[in-house]
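Now for the letters of each chain:
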Amino acid sequence: MRQQQMHRGGPPSPSCPSTSDRFPLKPNLALRHLNTAECGSETSAEPEKHEVRADNAPTDLSRMRSIMNFYVSYLLCLVLGLACVVCVCLWNSRWRGGFAWDGSPLQFNWHPVLMVTGLIVLYGNGAVVYRIPLTWGQNKLPWKLLHAVLMLLALVLSIVGLCAVFNFHNAKNIPNLYSLHSWIGIAATALFAIQWVMGFAGFLLPCSPTSLRKLLKPIHVWFGGSILTLSIIACISGINEKLFFSLKGNSNGTQPYSRLPPEAVLGNSLGVLIVAFGLVVHRILSNQEWQRPDSGSGNMAYTPLLQEDN
């Protein structure tokens, strides 16, 4: 019968062996793709391309959402930092009489302004500028230098702020470094100076070895966040101390702090803004998704200053 049918229908058309004949118990999708490919079909790769796109779509969406969250946090950081500077300047210019450098109480007014601006706002922005996603695909060196310059400017302002209060105390025969606020502030500034010198030596000097860079990187990051925390504690304790000294009630013609006069409201608001600014900066620094990615798996290899690529 079979031979007769072949004679009637003519020679059989060329066909591929059925996959089910070779793998009768495993008629899965992969075998059907294999059978189609053996038959010369050019559409076998299309389902695979579709699956890859489907897998990558959630990843791209998640990455875009993470970047948008960063810029929202960064914008909030900038707004809070500007609000801190405006509040501390308004407080000392309107309620404390302005500024001078003559040993009078007006010289003391430079102290809170410079410490908040330098040790809090500039320091915090200098810490997060290295996390901006737009900088990830660019040369790393300019952003390293910007980070170092912002930190140096913050350190200089902090030192000048300390000089202002020391000169005022010496002119009025007031003891220095007797309060907890002053101890924390001096500790923060001293650690900041050490941090900047070690960072410059370890990450920017051409003679710095790779082993030192590997050792310093986690220490540098941890100390950076710790110094910001100490600075916030020093600033809010200093604000509270200044309000207690200044708002004594009838003894100096002001309303007592306990009645919460407008100056006290502004001072307390400044403290709240400083804490909020610090929380946002810590949020940016602690998020692993917002860390600058290495340019390669072996990115820890040292590249000298002025020769560094991405």
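Since the structure is predicted, the reported quantities are computational estimates derived from the model, not experimental observations.

Thresholds, definitions, all that
- Residues numbered from 1 in each chain as written.
- Predicted model: local features only at pLDDT ≥ 70, side-chain atom pairs only at ≥ 80, totals over all residues.
- Heavy atoms only, no water.
- pLDDT = per-residue confidence, 0-100.
- Contact = heavy atoms within 4.5 Å.
- 1 Å grid on protein atoms, 1.4 Å probe; cavity = no way out; pocket = protein on both sides within 12 Å on 5 of 7 lines; lining within 4 Å.
- Points joined across faces, edges and corners; volume = space filled by probe spheres on them.
- Helix = DSSP H or I, 4+ residues; strand = E, 2+ residues; numbered from the N terminus.
- Nonpolar A, V, L, I, M, F, W, Y, C, P; charged D, E, K, R; others polar.
- Expected span 1.5 Å × (residues − 1).
- Buried < 20%, exposed > 50% of the residue type's maximum accessible area, 1.4 Å probe, protein only.
- Core = buried A, V, L, I, M, F, W, Y, C linked by side-chain atoms within 4.5 Å.
- Axes fitted to C-alpha atoms, helices over the stretch in contact; angles between N-to-C directions.
- Parallel < 35°, antiparallel > 145°, perpendicular 65-115°, else oblique.
- Left-handed = near helix turned anticlockwise from the far one by under 90°.

**Brief notes about the confidence of the model for the protein chain**
Residue-level pLDDT values for the protein chain average 82, and 76% of them are 70 or greater. Within the model, pLDDT remains below 50 along residues 1-54, and this stretch shows 15 contacts once partners closer than five positions in the same chain are excluded. Confidence drops under a pLDDT of 50 for residues 296-310, and excluding neighbours within four residues, the segment shows 34 contacts in the predicted structure.

**Comments concerning the layout of surface pockets**
Counted as a void, the largest pocket has a volume near 970 Å³. Together, 32 residues line the largest pocket, and Tyr 130, His 147, Lys 217, His 220 and Val 221 are the ones closest to its centre. Counting only elements with at least two residues in the lining of the largest pocket, the list comes to α6 (110-128), α7 (140-171), α8 (180-203), α9 (210-246) and α10 (262-286). The element best represented in the lining of the largest pocket is α9, accounting for seven residues. The residue makeup of the lining of the largest pocket, split by class, is 15 nonpolar, ten polar and seven charged. Volume-wise, the second largest pocket comes out at about 680 Å³. Forming the boundary of the second largest pocket are 32 residues, of which Phe 108, His 111, Val 165, His 181 and Glu 241 lie nearest the centre. Put simply, the parts of the chain that give the lining of the second largest pocket at least two residues each are α5 (105-108), α6, α7, α8 and α9. Top element by residues in the lining of the second largest pocket is α9. It accounts for eight residues.

**Some thoughts on the side chain of His 111**
Along the chain, His 111 falls in helix α6. With residues near it in sequence (within four places) discarded, His 111 still touches Gly 161, Leu 162, Ala 164, Val 165 and His 181.

**Let's talk about α8**
In this model α8 runs 34 Å from its N-terminal to its C-terminal C-alpha over 24 residues, within 8% of the 34 Å that 1.5 Å per residue would give. Residues of α8 that are buried include every one of His 181, Ser 182, Ile 184, Gly 185, Ala 188, Thr 189, Phe 192, Gln 195, Gly 199, Gly 202 and Phe 203, and no others. Tucked into the core, α8 has its buried residues touching α6, α7 and α9.

**What to know about the nonpolar core**
With 47 residues, the main nonpolar core has Phe 192, Leu 270 and Ile 274 as its most contacted residues. Secondary structure elements with two or more residues in this core: α4 (46-95), α6, α7, α8, α9 and α10. Of the residues forming this core, the biggest block, eleven residues, is contributed by α6. In contact with Leu 270, not counting residues within four places along its chain, are Cys 84, Cys 87, Val 88, Trp 91 and Ile 239.

**Quick word on the packing of α8 against α9**
Interhelical geometry of α8 versus α9 gives an angle of 155° and a closest axis separation of 8 Å. Viewed along their axes, α8 and α9 adopt a mutual orientation that is roughly antiparallel. Judged by the twist between their axes, the crossing of α8 over α9 is left-handed. Among the residues making up the contact of α8 with α9, the classes are represented as 13 nonpolar, ten polar and three charged.

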